[in-house]
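# Examination of the molecular architecture
Listed below are the residues making up each chain.
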Amino acid sequence: PQGPANVGGIARVMNNFGITDLRIVAPEPQALAPPFDATMDDGSDRSMYSVSERSYAPLADEARIMAVHASGLLENAGRFETADAAVADCVFVAATTARPRENLPIVSIRDACRVESSDANDASDASSDAVSSISAFTNEGKVAILFGNEATGLTNEELALANVGVMIPTAGFDVPDASGSKEKKTKKKTKRYTGGVGPTSLNLSHAVGVCAYEVHQAIGDTTVSGFSSRLITAEERVRLADELHAARRVTDVLSSTNETNATNETSNDESSRLESLEHARERRAIANVLNAGPIASRDAAAFFSLARRVVDVSRFSGTDAAILQAAKAFDSERVAKGQEPLAKVLIDSDKGRGAVKALIKAVREACGVSMTTRETERVIEALGKSNTE
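Residues numbered from 1 in each chain as written. Predicted model: local features only at pLDDT ≥ 70, side-chain atom pairs only at ≥ 80, totals over all residues. Heavy atoms only, no water.

## A word on the overall build of the protein
- Scanning the protein for helices and strands turns up 16 helices and six strands.
- Buried positions account for 38% of the 389 residues belonging to the protein.
- Partitioning the intrachain contacts of the protein with sequence separation of at least 6 by distance along the chain shows that 76% fall at a separation of at least 24.
- As presented, the protein carries roughly 21500 Å² of accessible surface, and 52% of it is formed by carbon and sulfur atoms. (Helix = DSSP H or I, 4+ residues; strand = E, 2+ residues; numbered from the N terminus. Buried < 20%, exposed > 50% of the residue type's maximum accessible area, 1.4 Å probe, protein only. Contact = heavy atoms within 4.5 Å. Areas by Shrake-Rupley, 256 points an atom, 1.4 Å probe, with all protein chains shown as cover.)

## Quick notes on the environment of D61
- Within the secondary structure, D61 sits in helix α3 (residues 61–67).
- For D61, a relative accessible area of 57% gives the class exposed.

## Side note on the pattern of salt bridges
- For the structure shown, the criterion picks out 13 salt bridges.
- A salt bridge links D21 to R23; its shortest N-O distance comes to 3.0 Å.
- Here D242 makes a salt bridge to R283, at a shortest N to O gap of 2.8 Å. You can see D242 sitting in helix α10 (residues 234–250) and its partner R283 sitting in helix α12 (residues 269–291), a full 41 residues away along the chain.
- On the basis of relative accessibility, which here comes to 39%, the residue D242 falls in the partly exposed class.
- R283 gets classed as partly exposed once you look at its relative accessible area, which sits at 21%.
- Salt bridges sharing partners connect three or more residues here, namely D21, R23, D89 and K142. (Salt bridge = Lys/Arg side-chain N within 4 Å of Asp/Glu carboxyl O.)

## Considerations on the sheet that holds strand β5 (residues 142–146)
- Pairing in this open sheet of four strands is parallel, and the strands run β4-β6-β3-β5 from one edge to the other. Either end of the sheet is taken by a strand with one partner, and the two such strands are β4 (106–108) and β5. Averaged over all pairs of adjacent strands, the angle between their axes in this sheet comes to 35°, without regard to strand direction.
- Pairing geometry for strand β3 (residues 90–96) and β5, over five bridges, is parallel. Bridge assignment links V93 to a residue of β5, and that residue is A144. (Pairing = 2+ DSSP bridges. Axes fitted to C-alpha atoms, helices over the stretch in contact; angles between N-to-C directions.)

## As for the side chain of R54
- Topologically, R54 is positioned in helix α2 (residues 51–56).
- It is E28 that comes nearest to the buried, bridge-free R54 among opposite-charge side chains, at 4.2 Å.
- In terms of polar contacts, R54 uses its side chain to reach the backbone carbonyl oxygen of A26, at 3.5 Å.
- Excluding residues within four positions of it along the chain, R54 makes contact with A26, P27, E28, L32, S47, Y49 and R79. (Lys, Arg positive; Asp, Glu negative; His and termini not counted. Polar contact = N/O pair within 3.5 Å; in protein donor to acceptor, adjacent residues only side chain to side chain.)

Laid out in structure tokens, this is it:
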């Protein structure tokens with residue numbers, strides 16, 4: 001947060017609605033007491049202190065004044081360096097945002113707090129309709145609503161921690177329908193907060209107040225039942241995504257060779273860069289799937305076990321040796337027919353692309369493995385090395 005008045009106002013309104021677990025992430029200098037309010041001499045508002053120092057620095061007196069009778073909530077507030085650390089023990093995270101994002105549904109805060117009858121009677125069905133219901137999971141563990149900095153909001157990395165995005169509808173903006181049509185309809189259009197100036201922009205403490213009110217109303221009026229096992233936390237969800245991604249990577253053909261090349265100064269920098277981007281894309285895709293809904297610990301245990309077993313048995317699979325053997329046999333047949341070895345073929349040429357497709361087909365028929373383009377390149381590189389040895 002940036003302003004001490006906002007921090008104090010947030011504590012006060014949380015206290016009004018019975019929410020007492022306030023967590024503050026790396027306050028900006030303006031929200032801190034001297035000397036931690038000092039900024040750089042270059043005219044910017046950048047802090048002279050590190051994120052680590054600001055995370056535990058005392059708050060400005062104005063924050064305590066604005067908190068009124070909730071100063072104790074400020075004193076007991078959790079202090080963190082990063083948002084992921086702040087929500088690590090939470091089983092469900094709602095992030096405030098107004099812009100739809102891939103694999104992050106956005107609903108109004110009222111809809112996010114609403115518990116339908118099906119949710120109340122069977123929370124085990126929460127993976128569908130109740131994915132956006134904050135109230136449905138308050139009995140399963142800690143639930144967080146994540147607010148961004150007053151000026152910049154939440155980053156993409158912070159939004160990636162969320163199960164659902166929530167917004168506060170205002171009178172300032174009409175949301176077009178999915179087709180983009182601007183035709184007048186009899187149904188009243190939904191309003192949304194756009195983060196802009198004017199009637200669409202809410203003060204941070206006011207936004208927290210609206211959300212706290214909706215949560216209080218929903219939890220106070222609703223009885224929910226829960227899973228027979230607990231829900232995994234955000235930290236456990238991150239760890240599961242890491243382990244599933246690691247399991248995915250060890251199934252790569254000649255993955256050990258790839259790791260060696262990654263640290264080799266003579267390796268193809270562009271190829272390595274593209275592969276790193278592909279790894280990041282796959283890791284993000286796995287995380288998006290896991291963030292799509294709550295996960296019971298008993299279900300997560302099966303995926304943890306699967307990921308670890310894949311990594312353990314990969315060392316004994318013999319897949320790389322079988323593929324290399326099939327590739328060598330294919331290459332030998334080419335040479336016997338008077339064709340160039342694969343290692344000497346220009347891969348980007350029409351002739352080279354045909355040879356690559358033929359190699360992929362030969363390996364698939366011999367080993368039952370369909371190789372990616374990068375895997376095929378590694379196999380050809382290995383063939384070239386074996387021919388020179």
